[in-house]
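Topology and contacts: notes
The primary structure of each chain is shown beneath.
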Amino acid sequence: MKFTLSWLKDHLDTTATLEEIGEALTDLGLEVEEISNPADALKDFTLGYVTHAEKHPDADKLRVCKVDTDEGEMQIICGAPNAREGITVVVCKPGMYVPGIDTTIGVGKIRGVDSFGMMASERELELSEEHDGIIELPSGKVGDKFIDWLAENDPAKVDPVIEIAITPNRPDALGVEGIARDLAARGLGTLKQHPVEPVPGTFLCPVEVSIDEDTLDGCPAFAGRVIKGVKNGPSPQWLQDRLRAIGLRPISRLVDVTNFFTFDRNRPLHVFDVDKMSGGLRVHRAEGGETLEALDEKTYALQPGMMVISDANGPESLAGIMGGEETGVTDETVNVFVESAFWDHVQIAMTGRALKINSDARYRFERGVDPLFTADGLELATQMILDLCGGEASEVVLAGALPDHSRAYKLDTDRVQSLVGMDIPADTQRETLTALGFRLDGDMAHVPSWRPDVQGEADLVEEVARVASLTKLEGRPLPRLTQGVPNPVMTPMQRREQAARRMAAALGYNECITYSFIDQASAALFGGGDDATRLENPISSEMSHMRPALLPGLLQAAARNQARGFMDMALFELGPAFHGGEPGEQHTLISGLLVGRTEPKDVHGASRPIDVFDVKADAEAILSAMGAPAKVQILRGAQGWWHPGRHGKICLGPKKVLGVFGELHPKVLNEMGVKGPAMAFTLWPGEIPMPRKTGATRPALALKDLQAVERDFAFVVDADVEALTLVNAASGADKALISDVRVFDEFIGGSLGEGKKSLAVTVRLQPSDKTLTEAEIEAVSAKIVEKVSKATGGSLRG
């Protein structure tokens, strides 16, 4: 949105400087993008008077001029045909920058004669394209500033242009009057009142207008009137200057009037040539297939449902967007129909986007114009056309009725403090809203018709705070809710998750944050992919289901890294997985993945492929960091994506599973595109029992002062018996006395025979109240042999 300073002052009585206006606009939410002040480039130029001019001795077209300036008489060589004695000119002295020719003037010689500056033309000072001669001023004193002369005699040449960015919620600021209203509310002046005087019609309007029933939702009201006997032609200079300043090309008086009110009052209008029309005007929806040659000289094919304005010959205008070439006005136009209508913003936007038309009318209608200004805009345009073009106006015709958008919200002056954090007196709040055009009736604020963005009580608070300036906000610390040391902010589960993250990172894992959505095939590999976790509107086919586990995302990350040459990696993630589609059907997991080797290869041979025991140690360390009990059981029977013989469940009992570790099934790795083997773990933080004591104090260190006893046992068992079964059986012989059971040897073959193996274990006995006697040790040993024999079917090796 562009406008000039003088245009703004037509609506705002102010003494504020250009800089103050720019700062206030940005602070009000109307961000200033650029301020172009022509006076900045002309501030150094002064007036001079040519006292003598003679032909250059070596050039027929050059003249040697003596010019009086504020620094005395100067000799200037000039080639302009109008350079002569007795004229007042604009002098450019040595060292001055001339914008039109992008040159800094210096002292030079032209055909052997010294020249100390130049006399400028309008194009050289970027005032116009005129360059047939130098500037001749009808008045002015030697030494006066040229910008001062322009400000007094031709102010449009030095009128600053302000360009602001308009957010979609502020259509009222697409008119200069709306901008002036905001500045007046801020206190930078007084809003000038421009009462609208209806123009009386002297005859009935010969053009009938109508709106089809199915189009009333898109065009509630369509008004217009005929003005006959107009004389079209170039607009007056003030109007041309104003339009050129904001980047518009003056066309004719009739067209320029409509463009003027588009920017002055945010009221787009259109003018039809009545003599080119056939019959009345009808607002209706296109059937599809009709064509219209618009004013931009392009032909558009209309789609079904688009709103158009037609006469008896067919479509003549794209409703609210652009008029048609067929009924456009020209210099020969004598009789016109001036149209002012209210259009639905959504339907205008849809038509404009479908036809790819960007016009000032569409830009405003799709954001919202003042419905109650429809008739007033027509009256103002009528009066200006009569003033500039003459003619005689008919009575106004109106089809439909203006919509009632009136609404009111309660002004709660105390909400400014709670919503914005500013202390603004209640009287100031009411004065602000009144200045913005709101009508206050007690505590109810009636919203003006030009503010479609105000839709609730909070918007009233926003308006008050915006005008008061949010730069006045002061930072204040939040009040303390309790005295003394505050309670912990993090919940026990959050602290547990934090400990798990830190331990995983300390073990060398890199944390990943993957999408909660995965493809159906990957979800099915890990027990998911059913309809309960399927998304209704996925953003892609690769994100169609909620993840049932964290491992699919980690495996996809590993596959991408392997494809780029990174073969050794340790990844982990902590986040939710989903076992259903309803709220609460989710659980928190922490999963880790090891792929490749333990470390890069070296001369010492320390590097080796990762194995199950690496991931087991990491899982146990993370469980310990989260507060899991030290004594756990390792069982079999995990889900199908684990290798059947190379995994273990970490349990506190058959039904209390804390986690799973092991090698992933080769089929799963093949489906996910990962080059294996790959070791992984998945832990359930929520399954770890909460500590009985919630305090931060640690219990006393309990050390056993009695010597422990270790006994070795070797059992002959079947070759398919798992060592874990034997260890669990030995541990259960006396849970209070046996503190640890370790496998230290396995022997297959020899005298054992086919299908047999020998497993040797060390059992550590730790007494707590007295030293064990030999008889007690032998009794425990007998229990161990009995338990193992019963569980495995084996026997003590002789």
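One structure accompanies this document, and this report is about it. (Residues numbered from 1 in each chain as written. Predicted model: local features only at pLDDT ≥ 70, side-chain atom pairs only at ≥ 80, totals over all residues. Heavy atoms only, no water.)

Describing the sheet that holds strand β13 (residues 161-164)
Here is the rule: Here the rule is simple: two strands pair whenever DSSP picks up at least two bridges between them. Helix numbers and strand numbers start at the N terminus; a helix is a DSSP run of H or I with at least 4 residues, a strand a run of E with at least 2. Here an angle of 0 to 180 degrees is reported between the N-to-C directions of two axes, which are lines fitted to C-alpha atoms, with helices fitted over the stretch in contact. Two residues form a contact once any of their heavy atoms are found within 4.5 Å.
Reading across the sheet, the three strands line up as β1-β13-β3 and stay open at both edges, with antiparallel pairing between neighbours. Each end of this open sheet is capped by a strand with a single partner; those strands are β1 (2-4) and β3 (32-36). Strand-to-strand twist across the sheet, computed as the mean angle between neighbouring axes with direction ignored, equals 20°. Running over the sheet, helix α2 (residues 18-27) touches β1, β3 and β13 and is turned about 165° from β3.

Describing the environment of Pro689
Take Pro689: it is sitting in the loop between β38 (678-683) and β39 (709-718). Spatially, the C-alpha atom of Pro689 lies 27 Å from that of Cys512, the residues being 177 residues apart in sequence. Among all residues touching Pro689, those that are not within four sequence positions of it are Arg496, Pro629 and Leu652.

What about the packing of aromatic side chains?
Stated precisely, the cut-off is as follows: Note on aromatic pairs: the rings of Phe, Tyr and Trp (six-membered ring only in Trp) are paired at centre separations within 6.5 Å, and the planes decide the class, stacked below 30 degrees, edge-to-face beyond 60, tilted for the rest. Relative accessibility decides the category of a residue: with a 1.4 Å probe and only protein chains considered, values under 20% of the type maximum give buried, values over 50% give exposed, and everything between is partly exposed. For a Lys NZ or an Arg CZ to count as sitting over a ring, it must be within 6 Å of the ring centre and within 35 degrees of the ring normal.
The tally for this structure, following the rule as stated, stands at nine aromatic pairs. Ring centres 6.2 Å apart and planes at 15° place the aromatic pair Phe713 and Phe715 in the stacked group. In this structure Phe715 comes out as buried when scored by relative accessible area, which is 0%. Within the aromatic cluster, the residues linked to one another by ring pairs are Trp7, Trp238, Phe260 and Phe261. Residue placement shows Arg364 over the ring face of Phe263; its charged tip is 4.4 Å from the ring centre. Above the ring of Tyr363, the side-chain terminus of Arg367 is found at 3.7 Å from the ring centroid.

Topic: the sheet that holds strand β12 (residues 118-119)
Across the sheet, five strands lie side by side as β6-β5-β4-β7-β12; this open sheet has antiparallel pairing. A strand with exactly one partner marks an edge of an open sheet, and here the two such strands are β6 (72-78) and β12.

Observations regarding the packing of helix α6 (residues 237-245) against helix α7 (residues 253-264)
Put simply, the test is: Relative orientations are named as follows: roughly parallel for angles under 35 degrees, roughly antiparallel for angles over 145 degrees, roughly perpendicular for angles from 65 to 115 degrees, and oblique for any other angle. Here a crossing is taken to be left-handed if its near helix is turned anticlockwise relative to the far helix by less than a right angle, and right-handed if that turn runs clockwise. Ten residues, namely Ala, Val, Leu, Ile, Met, Phe, Trp, Tyr, Cys and Pro, are considered nonpolar, four, namely Asp, Glu, Lys and Arg, are considered charged, and the remaining ones, Gly among them, are considered polar.
Orientation of α6 relative to α7, taken along the N-to-C sense of each, is 55°, at an axis distance of 11 Å. One element, α6, and the other, α7, form an angle in the oblique class. Considering the relative orientation of α6 and α7, their crossing is left-handed. Across the interface between the two elements, Trp238, Leu239, Arg242 and Leu243 from α6 touch Asp256, Val257, Asn259 and Phe260 from α7. Considering only residue class, the contact of α6 with α7 consists of five nonpolar, one polar and two charged.

Observations concerning the state of the cysteines
In plain terms, the rule: Cysteine sulfurs are considered disulfide-paired once they come within 2.5 Å of each other.
Under the definition given, this model contains zero disulfides. Lacking any disulfide linkage, Cys219 is separated from the closest cysteine sulfur, that of Cys205, by 16 Å.

Describing the pattern of salt bridges
Here is the rule: Criterion for a salt bridge: a side-chain nitrogen of Lys or Arg within 4 Å of a carboxyl oxygen of Asp or Glu.
Under the definition given, this model contains 38 salt bridges. For the salt bridge of Lys93 with Asp70, the shortest nitrogen-to-oxygen distance reads 2.4 Å. Linking Lys93 in the loop between β7 (88-92) and β8 (97-98) with Asp70 in the loop between β5 (59-69) and β6, this pair joins segments that are 23 residues apart in sequence. The partner of Asp212 in a salt bridge is Arg282, with the nearest N and O atoms 2.8 Å apart.

Focus on helix α13 (residues 457-468)
Stated precisely, the cut-off is as follows: Helix span is expected to be 1.5 Å times the residue number reduced by one.
Helix length check: α13, at 12 residues, gives a terminal C-alpha distance of 17 Å against a target of 16 Å (1.5 Å per residue), a fit within 8%. Immediately downstream of α13, the backbone of Ser469 shows phi near 90°, a positive value.

Considerations on the nonpolar core
Convention followed: Only buried Ala, Val, Leu, Ile, Met, Phe, Trp, Tyr and Cys residues count toward a nonpolar core, and they belong to the same one when joined by side-chain atoms within 4.5 Å.
Ranked by size, the top nonpolar core spans 69 residues in total, and within it Leu8, Ile21, Leu25, Ile164, Ile179 and Leu183 carry the most contacts. Here this core gets seven residues from one element, more than from any other, and that element is helix α10 (residues 374-389). Discounting chain neighbours no more than four positions away, the residues touching Leu8 are Phe3, Ile21, Val176, Ile179, Ala180 and Leu183. Counting residues in hydrophobic clusters, the runner-up holds 38 residues, among them Leu292, Val308, Met322 and Ala399.

Quick word on the packing of α7 against α10
In the contact formed by α7 and α10, the axes pass within 10 Å of each other and the chain directions differ by 145°. For the element pair α7 and α10, the recorded crossing hand is right-handed. Between α7, through Arg253, Leu254, Val257, Phe260 and Phe261, and α10, the contact on the second element is made entirely by Leu380, Ala381, Met384, Ile385, Leu388 and Cys389. Looking at the contact of α7 with α10 residue by residue, the classes come out as 10 nonpolar, no polar and one charged.

A few points about the side chain of Glu177
Structurally, Glu177 is set in helix α5 (residues 176-186). According to the relative accessible area criterion, Glu177 is buried, its value standing at 17%. If sequence neighbours within four positions are ignored, Glu177 has contacts with His11, Leu191, Asp264 and Arg265.

Section: the environment of Glu754
Assignment of secondary structure puts Glu754 in the loop between β40 (738-748) and β41 (756-765). Here Glu754 falls in the exposed class, since its relative accessible area comes to 82%.

Quick word on unusual backbone geometry
Cis geometry is adopted by the peptide bond preceding Pro677, which originates at Gly676 and carries an omega value of 0°. Here Pro677 is to be found in the loop between α18 (666-672) and β38. Notably, Glu126 is not glycine yet its phi reads approximately 60°, a positive angle. Here Glu126 shows up in the loop between β12 and α4 (146-153). Classification of Glu126 as exposed rests on a relative accessible area of 56%.

Thoughts on the pairing of strand β16 (residues 221-228)
When you tally the buried positions in β16, you get seven out of eight residues, the bulk of the element. As paired strands, β16 and strand β24 (residues 336-342) are joined by seven bridges and run antiparallel to one another. Across the sheet, residue Ile227 finds its bridge partner in β24, namely Val336. When β16 meets strand β26 (residues 397-400), the two strands line up antiparallel, connected through four bridges. Note that in β26 the partner of Gly224 across the bridge is Val397. As defined by bridge partners, β16 adjoins strand β25 (residues 392-393) across two bridges and the pair is classed as antiparallel. Bridge pairing links Ile227 to Ala393 in β25.

Some thoughts on a negative patch on the surface
Just so we agree on the cut-off: Two distance rules govern patches: like charges are joined within 9 Å, and nonpolar side chains (Val, Leu, Ile, Met, Phe, Trp, Tyr) within 5 Å, applied only to residues with over 30% relative accessible area and no salt bridge. Only the protein chains shown count as covering a residue, and every accessible area follows the Shrake-Rupley method with a 1.4 Å probe. Think of it this way: Lys and Arg go in the positive column, Asp and Glu in the negative one, and His and the chain ends go nowhere. Lys charges are placed at NZ, Arg charges at CZ, Asp charges at CG and Glu charges at CD.
Taken together, the side chains of Glu19, Glu20, Glu23 and Asp40 make up a negatively charged region of the molecular surface. Ranked by residues supplied to the negative patch, first place goes to α2 with three residues.

Observations regarding helix α14 (residues 492-506)
A rise of 1.5 Å per residue sets the reference length of α14, with its 15 residues, at 21 Å; its end C-alpha atoms lie 21 Å apart and thus fit the reference within 8%. Its buried side turned inward, α14 meets β33 (569-578), β34 (586-595) and α17 (612-625). The first or second residue beyond α14 is Gly508, which carries a positive phi of 100°.

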